[in-house]
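Close look at the chain arrangement
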Amino acid sequence: SQPWPGPPPQPEILAPSPPRETWAGKYEFLLSCMGYCVGLGNVWRFPYLCYRNGGGVFLIPYFIMLLVTGLPLFLMELSLGQYGAAGPITVWKCCPLLKGIGVAMLIVSSLVSLYYNVIIAWAFYYLGSSFQSPLPWSCNAPRNADLCQVGGLRAGSNVSGSAGWVSASEVFWNEQVLGVTHSSGLGDPGPVQWPLALCLLAAWILVFLCMLKGIRSSGKVVYFTATFPYLVILILIIRGATLDGSLNGVRFYLSSDWSRLQSAQVWSDAASQIFYSLGIGFGGLLSMASYNKFDNNVIRDTLVIAIGNCCTSFFAGFAIFSVLGHMAWRKQVPVGSVATSGPGLAFVAYPEALSLLPGSPFWSILFFLMLLTLGVDTLFGNIEGITTAILDEFPALRDWRRKTALLGVLCTSFYLLGLLLVTQGGIFWFTLIDTYSTGFGLIIVALVMCLGIAFCYGVNQFCQDIVDMICRCPPWCSHMLGYFKVCWAFFTPCLLLFTLIYTFLDMYSVPLRYGTYEYPAWGMSLGVCMGVLTCLQIPLWAVVALCRESGTLSDRFQKATQPLHSWRTATARDVAGDVIDVPFTITLTSSD
């Protein structure tokens, strides 16, 4: 006799991966993107570029580049992330041949995160030093009594500027904060500056705690970090307007030199400033947009964020130059002699100007709190891009404990690697990574992304995807999509190519310097390798995608440019089908 058959085997149930997060509200997304885009470059780079390139005339190429390059690329990243609901790597299932773009974005974000938090560490150091009266970098401090012989200056060697008169603020920056006077250059980093190392540790702990619950926690923090800088800028503008000599600074900032429009340097500066200040090509925008609801109006968000970011840069210039104008008036020197950009503005010139004001500790605390918040929410976007890329490639890590462990490993790794940048010669390494990590490599990534979407994925299909997301597309959106289509297919790639060529010419004609120190050939070669490493990911992963297909080379290329089936199903567009994706698969019959 046959044994009684047991119960039929049960189908294997796959453990579902944790669902993908979404923003708690649209304002969290807007503020996160605004905080990500409005960074230190808006305060310490744009005003300097404006006065160097013809004052108010610089706004003409600046806004032209915004319309032709900034807005189209910004919309492309937001739309790609929102439609695909995936991070910088996984989203390229829309065109597997271009997966290397996502890997390249991951490398750029990692390099930027490595050095960007060092700036926050400097801001922490100055913020702590601001709770003293008088300020330690002012001429009223007892330790600076012998330095300030004539108008707050002394004669000596100037590491970060030209040889000659050195201010007490610059001595504090070079000797006490950086310790750079004890280093001979890139090959002589020297010991770690432990006060800075502790500040860097505090900065990474702050980032870890704010991002502990992903966008649920960082989305709440940006309500403060994204809005506080605007309050400080407004206060500094009002205070600056009451100072003697402030009008000279504003006049210097906006003085028009129409002949500068004939210079290619001006147009290249405008394009690069738009490119970097909007955070294009880093993967942060794409990642943040991936947590949006599918029907979010991405065109409206693009206009609000991009135009708001550029207006912030313009108004920040009034806060900077009104105070610098007062310092020039006090010293009886031209405004141009005290105007600078980068760390020299944020940690030397402007703190010195603030030290001349009544109640200087208060203004100093306010300013460095602003720098702190500007840097932190920009770093949120970079780290968000890295974690999103990893979590989408490995969904099993979305469990809270594993995700926390991943964030902890990332922050710890970046901290340990960043210790090189807080040595006595760390500023030389900082400048090297800052120059080359976001140089030609980033422009090539954006150029290939634009060409890939326009000609591999299809610009018409991409526009249709945007229309599908914006169900009730108003007439002005349709007109703007026509404009963006032309930009993606022609104008934006052409301007990116112009910027890329000018970047190469500038890189090979002007040696990299930090003050009077000129970088050795091996140092510049190392910097070029950073950019090359980023660019190599694109052809490398394209070869991998081609090898995974079958047939002739032409057949493989055609297959590798076709979207994967999961590209459509992931967006919830194709809800009607024979198979529904749930934690386990159920096949429906015709009777069902």
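Residues numbered from 1 in each chain as written. Predicted model: local features only at pLDDT ≥ 70, side-chain atom pairs only at ≥ 80, totals over all residues. Heavy atoms only, no water.

**Some points on the overall build of the chain**
Defined as follows: Going along the chain from the N terminus, every DSSP run of H or I of four or more residues is numbered as a helix, and every run of E of two or more is numbered as a strand. We call a residue buried when its accessible area falls under 20% of the maximum for its residue type, exposed when it is over 50%, and partly exposed in between, using a 1.4 Å probe and counting protein chains only. Here, residues are in contact when the closest pair of their heavy atoms is within 4.5 Å.
Counting its secondary structure elements, the chain contains 22 helices and six strands. Looking at the chain residue by residue over its 592 residues, the buried ones come to 56%. Considering only contacts within the chain whose residues lie at least 6 apart along the sequence, 83% involve residues at least 24 apart.

**Observations regarding the nonpolar core**
Note the threshold: Nonpolar cores are built from buried Ala, Val, Leu, Ile, Met, Phe, Trp, Tyr and Cys residues. Side-chain atoms within 4.5 Å join them into one set.
Counting 191 residues, the largest nonpolar core has Trp122, Phe347, Ile466 and Trp488 as its most contacted members. In terms of residue count, the dominant contributor to this core is helix α5 (residues 99-129) (19 residues). Of all hydrophobic cores here, the second largest spans five residues; its members include Leu147, Cys148, Ala168 and Val171.

**Points about the pattern of salt bridges**
As a reminder of what qualifies: Any carboxyl oxygen of Asp or Glu within 4 Å of a side-chain nitrogen of Lys or Arg constitutes a salt bridge here.
Counted by the stated rule, this structure contains eight salt bridges. Close ionic contact of Lys331 with Glu352 constitutes a salt bridge, the shortest N to O distance being 2.4 Å. Of this pair, Lys331 sits in helix α13 (residues 298-331) while Glu352 is found in helix α14 (residues 343-355), placing the two residues 21 residues apart along the sequence. Judged by its relative accessible area of 23%, Lys331 is partly exposed. Glu352 gets classed as buried once you look at its relative accessible area, which sits at 10%.

**With respect to the packing of aromatic side chains**
Note the cut-off: By convention, a stacked pair of Phe, Tyr or Trp rings (six-membered ring in the case of Trp) has centres within 6.5 Å and planes under 30 degrees apart, an edge-to-face pair has planes over 60 apart, and any other such pair is tilted.
One pass over the full model with this rule turns up 51 aromatic pairs. Aromatic side chains Tyr517 and Tyr519 sit 5.3 Å apart centroid to centroid with 65 degrees between the ring planes, which places their arrangement in the edge-to-face category. When sorted by exposure, Tyr517 lands in the same class as Tyr519, which is buried.

**Examining empty space enclosed by the protein**
To keep it simple, the criterion reads: The definitions used throughout rest on a 1 Å grid laid over the protein atoms alone, on which a cavity is an enclosed set of points accommodating a 1.4 Å probe that cannot get out and a pocket is an open set flanked by protein within 12 Å on both sides along at least five of seven lines; lining residues are those having an atom within 4 Å of a point. Grid points are joined across faces, edges and corners, and a volume is the space filled by probe spheres set on the points.
One pass over the structure, following the stated rule, counts four cavities of 30 Å³ or more. Volume-wise, the largest cavity comes out at about 70 Å³. Lining the largest cavity, in full, are Trp23, Ser32, Met211, Ser218, Val222, Met288, Asp377, Phe380, Gly381 and Glu384. Elements supplying a minimum of two residues to the lining of the largest cavity: α8 (215-225) and α15 (360-393). It is α15 that contributes the most residues to the lining of the largest cavity, four residues altogether.

**Examining the UniProt feature "binding site: Na(+)" (unreviewed entry) in the chain**
Where we set the bar: UniProt positions are given in the numbering used here, feature names are shortened, and annotations may be inferred rather than shown by experiment.
Listed under "binding site: Na(+)" (unreviewed entry) in the UniProt record, and renumbered for this structure, are Gly35, Val38, Asn42, Ser277, Asn309, Leu374 and Asp377. In sequence the annotated residues extend across 343 residues, while in space they remain close, none of their C-alpha pairs exceeding 13.8 Å. Taken from the residues named earlier, the lining of the largest cavity is made up of Asp377. Relative to the elements of secondary structure, Gly35 occurs in helix α1 (residues 26-37). When its relative accessible area of 3% is taken as the criterion, Gly35 is described as buried.

**Some words on the environment of Gly81**
On the secondary structure map, Gly81 appears in helix α4 (residues 59-84). A relative accessible area of 0% means that Gly81 is categorised as buried. Spatially, the C-alpha atoms of Gly81 and Leu285 are 7.8 Å apart, while their sequence positions differ by 204 residues. Apart from the residues lying within four places of it in its own chain, the contact partners of Gly81 are Ala86, Leu286, Ala289 and Ser290.

**Considerations on a nonpolar patch on the surface**
Quick reminder of the rule: By definition, no residue in a patch forms a salt bridge, and every one has over 30% relative accessible area; like charges are joined within 9 Å, nonpolar side chains (Val, Leu, Ile, Met, Phe, Trp, Tyr) within 5 Å. Calculation of accessible area relied on Shrake-Rupley with a 1.4 Å probe; when residues are assessed, cover is drawn exclusively from the protein chains displayed.
Residues Leu198, Leu201, Ile205 and Leu209 make up a contiguous nonpolar surface patch of about 370 Å² in total accessible area. Inspection of the secondary structure puts Leu209 in helix α7 (residues 194-210).

**Describing the confidence of the model for the chain**
Regions with low pLDDT should not have their predicted coordinates read in detail. Threshold: Note: pLDDT gives the predictor's confidence per residue, expressed from 0 to 100.
Looking at the chain, the pLDDT average stands at 87 and 89% of residues meet or exceed 70. Below a pLDDT of 50 lies the segment residues 1-15, which in the model reaches two contacts outside its immediate sequence neighbourhood of four places, other chains included.

**Regarding α8**
Buried within α8 are the following residues: Ile215, Ser217, Ser218, Gly219, Val222 and Thr225. In this structure, the buried residues of α8 make contact with α1, α7, α9 (228-241) and α15.

**Thoughts on the environment of Ser364**
Positionally, Ser364 belongs in helix α15. Spatially, the C-alpha atom of Ser364 lies 9.7 Å from that of Ala353, the residues being eleven residues apart in sequence. Every residue in contact with Ser364, bar those within four places of it in the chain, is listed here: Ser130, Leu135, Trp137 and Leu354.

**Describing the side chain of Ser130**
If you trace the backbone, Ser130 turns up in the loop between α5 and β1 (153-156). A relative accessible area of 0% means that Ser130 is categorised as buried. Ser130 has contacts with Leu135, Trp137, Pro361, Ser364, Ile365 and Phe368, leaving out every residue within four places of it along the chain.

**Structural notes on the side chain of Gln193**
Position of Gln193 among the secondary structure elements: in the loop between α6 (168-178) and α7. Not counting the four nearest positions on each side in its chain, Gln193 is found in contact with Gln176, Val177, Leu178, Gly179, Val422, Thr423 and Gln424.

**Some words on unusual backbone geometry**
Residue Ser133 is joined to Pro134 through a cis peptide bond whose omega torsion reads 0 degrees. Within the secondary structure, Pro134 sits in the loop between α5 and β1. Of note, the phi angle at Ala85 is positive, near 50 degrees, even though the residue is not glycine. With respect to the helices and strands, Ala85 occurs in the loop between α4 and α5. One non-glycine residue, Gln332, adopts positive backbone phi at about 60 degrees. Within the secondary structure, Gln332 is located in the loop between α13 and α14. Judged by relative accessible area, Gln332 falls into the exposed class, the value being 63%.

**Regarding the environment of Gln562**
Along the polypeptide, Gln562 turns up in the loop between α21 (553-560) and α22 (565-569). The exposure class of Gln562 is partly exposed, given its relative accessible area of 42%. For Gln562, the contacting residues outside a window of four places in its chain are Lys93, Cys94 and Pro96.

**Describing α15**
To keep it simple, the criterion reads: Expected span, for any helix, means 1.5 Å times one less than how many residues it has.
The terminal C-alpha atoms of α15 lie 50 Å apart, and with 34 residues this matches the ideal 50 Å at 1.5 Å per residue to within 8%. Among the 34 residues that make up α15, 30 are buried, leaving the element largely enclosed by the rest of the structure.

**Some remarks on the packing of α4 against helix α19 (residues 475-509)**
Convention followed: Each axis is a line fitted through C-alpha atoms, taken for helices only over the stretch in contact, and angles between the N-to-C directions span 0 to 180 degrees. Should an angle fall under 35 degrees it is called roughly parallel, over 145 degrees roughly antiparallel, and 65 to 115 degrees roughly perpendicular, with every other angle called oblique. Helix crossings get a hand from a simple test, with the near helix turned counterclockwise from the far one by less than a right angle marking a left-handed crossing and a clockwise turn marking a right-handed one. Note that Gly is not counted as nonpolar here; it falls among the polar residues with everything else outside the nonpolar set of Ala, Val, Leu, Ile, Met, Phe, Trp, Tyr, Cys and Pro and the charged set of Asp, Glu, Lys and Arg.
Remark: α4 packs on α19, axes separated minimally by 9 Å, with the N-to-C direction vectors making an angle of 115 degrees. Relative to α19, the element α4 is oriented roughly perpendicular. The interaxial crossing formed by α4 with α19 has left-handed handedness. Residues Met65, Leu67, Val68, Thr69, Leu71, Pro72, Leu73, Leu75 and Met76 of α4 form the contact with α19, whose participating residues are Tyr483, Phe484, Cys487, Trp488, Phe491, Thr492, Leu495 and Leu496. Here the residues of the contact of α4 with α19 sort into 15 nonpolar, two polar and no charged.

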